[in-house]
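Chains, contacts and geometry: an overview
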Amino acid sequence: MTTPHHPVAIVGGGLGGLTLARVLHVNGVEAAVLDLDASPAARTQGGMLDIHDDSGQPALRAAGLYEEFRALVNPGGESTRVLDKTGTVLLDDPDDGTGGRPEVDRGQLRDLLLGSLPEGTVRWGAKVTGARPLDGGRHEVTLADGTSFTTDLLIGADGAWSRIRPLLSDAKPAYVGISFVEVDLPDADVRHPVSAEVVGGGMMMALGAGKGFLAHRETDGSLHIYVALAVPEDAFDGVDFTDIAAGKAYTLEHFADWDKSLRALLADADGPLTPRQIHALPIGHRWERVPGVTLLGDAAHLMSPFAGVGANLAMFDGAELGEALAAHPGDTEAALAAYEEKLFPRSEEAAEESAANGILMFGEDAPQGMLDFFASMG
């Protein structure tokens, strides 16, 4: 049997990979997107995203989807609150409609991108297990079902544990010292009115030394809560988070002296608890130019979420790469070199900011560090 060939193959159907596929499509270049999920609805896509006017929004303009994106914006979602562990509100910045980072539901944004691509662009249930170089910059990619394909241009948009990254770099993500326990409070205004009031209309941060509650209101009226803990990498190993009562008890022990209105964000949560360790690639991660392959998004520059730029950077990477390829028809290497020349300093600056914000958020004087940060931003 003849091995299938895709001139352009994008591994990963997240926001970055889909933005790249869309920008290529707008410029008359078709690509195959390989995603390990069985279907678009195989799993939830996370909570709210603030789409920045210097990265995510330009990417959507390049994709020809800016107006459709504006229709998805959650009114009031840019409001921000900072509390201390007593529940005292120290900063309450309402959304007056003039901000540059409107909030949208990640799942709705992904659906917008998916719907903008020709049918069949995304190959669902295609789990990539590895890739190897061939001649002339081509690569052979293997899938979990035992099949393989070849490609002239391979793009790793496959996240933190990228299967494509080893073609370019030996770097591996490392634990940054913070872990999350994620929970949800559905229909919060009716079922959890006190928590709804604490969180407000947008984002809320209740911070202390080495811990905190990060929350935001979603478009369906639910609250999504990230309970943050500065704990060793193996701290969750002995905790059975599938036992909801046990998982809550373990996590709440870290907040014994916090106000009950904040503890309720976890204690009253409905449904499962999802533990997550936060990892990052080394700040300034880069690689030498390798023919026929590159990376974008978390595959290229995984960083902690504390600057809120990960999804925006992935989309911007996708748009920049798509436009570079369109600007260099017939010269893929020139396009990749131009793309990476801007990618590396851009991602290094963002990774430094993310790491610094993590220290501000959970330092010994928290939440003062974040209050000073917001004051400096006006």
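These remarks concern the structure in this document. Just so it is clear, the structure is predicted and the values come from calculations on it, not from any experiment.

Taken as a whole, this structure holds 1 cavity of 30 Å³ or more when the rule is applied. When its volume is computed, the largest cavity comes out at roughly 50 Å³. In terms of lining residues, the largest cavity is bounded by Leu281, Pro282, Ile283, Gly284, His285, His301, Leu302, Met303, Ser347, Glu348 and Ala351. Considered class by class, the residues forming the lining of the largest cavity number 6 nonpolar, 4 polar and 1 charged.

The next thing to look at is helix H10 (residues 310–327). The periodicity of an α-helix, 3.6 residues per turn, causes residues three or four positions apart to be oriented the same way. With 18 residues, H10 extends 26 Å between its outermost C-alpha atoms, agreeing within 8% with the 26 Å of an ideal straight helix rising 1.5 Å per residue. For H10, a buried count of 13 out of 18 residues is recorded, marking the element as mostly surrounded by other parts of the structure.

Another point: the side chain of Ser222. With respect to the helices, strands and loops of the structure, Ser222 is situated in the loop between strand S13 (211–217) and strand S14 (223–230). The class of Ser222 is buried, set by a relative accessible area of 6%. Side chain to side chain, Ser222 and Asp220 meet in a polar contact 2.6 Å long. Setting aside anything within four residues of it in sequence, one finds Ser222 in contact with Leu185, Pro186, Asp187, His216 and Arg217.

Here we take up the layout of surface pockets. Approximately 280 Å³ is the volume attributed to the second largest pocket. His52, Asp54, Ser55, Arg101, Ala307, Val309, Leu313, Phe316, Arg346, Glu349, Ala350 and Glu353 together form the lining of the second largest pocket. Elements with a contribution of two residues or more to the lining of the second largest pocket: H10 and helix H11 (332–362). For the lining of the second largest pocket, the element with the most residues is H11, which contributes 4 residues. Looking at the lining of the second largest pocket residue by residue, the classes come out as 5 nonpolar, 2 polar and 5 charged.

Let us now look at the packing of helix H1 (residues 15–26) against helix H4 (residues 106–115). Following both chains from N to C, one finds H1 and H4 inclined at 25°, their axes separated by 9 Å at the closest point. Here H1 is positioned roughly parallel relative to H4, judged by the angle of their axes. Of the two elements, H1 crosses H4, and the hand of that crossing is left-handed. Where H1 approaches H4, its residues Leu15, Leu18 and Thr19 are matched on the opposing element by Arg106, Leu109, Arg110, Leu113 and Leu114. Split by residue class, the contact of H1 with H4 holds 5 nonpolar, 1 polar and 2 charged.

Here we come to the packing of aromatic side chains. Across all of its chains, the model carries 12 aromatic pairs by this definition. Seen from their ring centres, Phe213 and Phe255 are 4.5 Å apart, and the 40° between their planes marks the pair as tilted. Taken together, the residues span a long stretch of sequence, with Phe213 in strand S13 and Phe255 in the loop between helix H7 (244–252) and helix H8 (260–267) at a distance of 42 residues. Phe213 sits in the buried class, given a relative accessible area of 0%. Measuring from ring centre to ring centre gives 4.8 Å for Trp287 and Phe344, while their planes differ by 90°; the resulting arrangement is edge-to-face. Here Phe344 lies in helix H11 and Trp287 lies in the loop between strand S15 (270–280) and strand S16 (293–295), a separation of 57 residues in the sequence. One exposure class covers both Trp287 and Phe344, and it is buried. An aromatic cluster is built from Phe180, Tyr226, Phe306 and Phe362, whose rings are joined through pairwise contacts. In this structure, Arg61 is placed above the aromatic ring of Tyr66, and the distance from its NZ or CZ to the ring centre is 3.7 Å. Between the NZ or CZ atom of Lys211 and the centre of the ring of Phe255, over which it lies, the distance is 5.8 Å.

Turning our attention to the nonpolar core. Ile10, Leu109, Ile155 and Leu321 are the most contacted members of the largest nonpolar core, which totals 58 residues. If sequence neighbours within four positions are ignored, Ile10 has contacts with Gly17, Leu20, Ala21, Leu24, Ala31, Ala32, Val33, Leu34, Ile155 and Ala157. Core analysis: the next-biggest nonpolar cluster, separate from the first, contains 30 residues, Ile225, Phe236, Val239 and Leu252 among them.

Across the sheet, which stays open at both edges, the 7 strands sit in the order S5-S4-S12-S13-S14-S11-S15 with mixed pairing between neighbours. Since the sheet does not close on itself, it has two edges, and those belong to strand S5 (89–93) and S15, each with one partner. Taking the axes of each pair of neighbouring strands and ignoring which way they run, one obtains an average angle of 15° across the sheet. As paired strands, strand S4 (residues 80–83) and strand S12 (residues 203–208) are joined by 4 bridges and run parallel to one another. Residue pairing across strands places Leu83 opposite Ala206, the latter belonging to S12. Where H7 meets the sheet, it contacts strand S11 (174–185), S14 and S15, and its direction lies at approximately 50° from that of S15. Here H11 sits on the sheet in contact with S11, S12, S13 and S14, set at roughly 65° to S12.

Conventions and cut-offs
- Residues numbered from 1 in each chain as written.
- Predicted model: local features only at pLDDT ≥ 70, side-chain atom pairs only at ≥ 80, totals over all residues.
- Heavy atoms only, no water.
- 1 Å grid on protein atoms, 1.4 Å probe; cavity = no way out; pocket = protein on both sides within 12 Å on 5 of 7 lines; lining within 4 Å.
- Points joined across faces, edges and corners; volume = space filled by probe spheres on them.
- Nonpolar A, V, L, I, M, F, W, Y, C, P; charged D, E, K, R; others polar.
- Helix = DSSP H or I, 4+ residues; strand = E, 2+ residues; numbered from the N terminus.
- Expected span 1.5 Å × (residues − 1).
- Buried < 20%, exposed > 50% of the residue type's maximum accessible area, 1.4 Å probe, protein only.
- Polar contact = N/O pair within 3.5 Å; in protein donor to acceptor, adjacent residues only side chain to side chain.
- Contact = heavy atoms within 4.5 Å.
- Axes fitted to C-alpha atoms, helices over the stretch in contact; angles between N-to-C directions.
- Parallel < 35°, antiparallel > 145°, perpendicular 65-115°, else oblique.
- Left-handed = near helix turned anticlockwise from the far one by under 90°.
- Phe/Tyr/Trp six-rings, centres within 6.5 Å; stacked < 30°, edge-to-face > 60°.
- Lys NZ or Arg CZ within 6 Å of the ring centre and 35° of its normal.
- Core = buried A, V, L, I, M, F, W, Y, C linked by side-chain atoms within 4.5 Å.
- Pairing = 2+ DSSP bridges.

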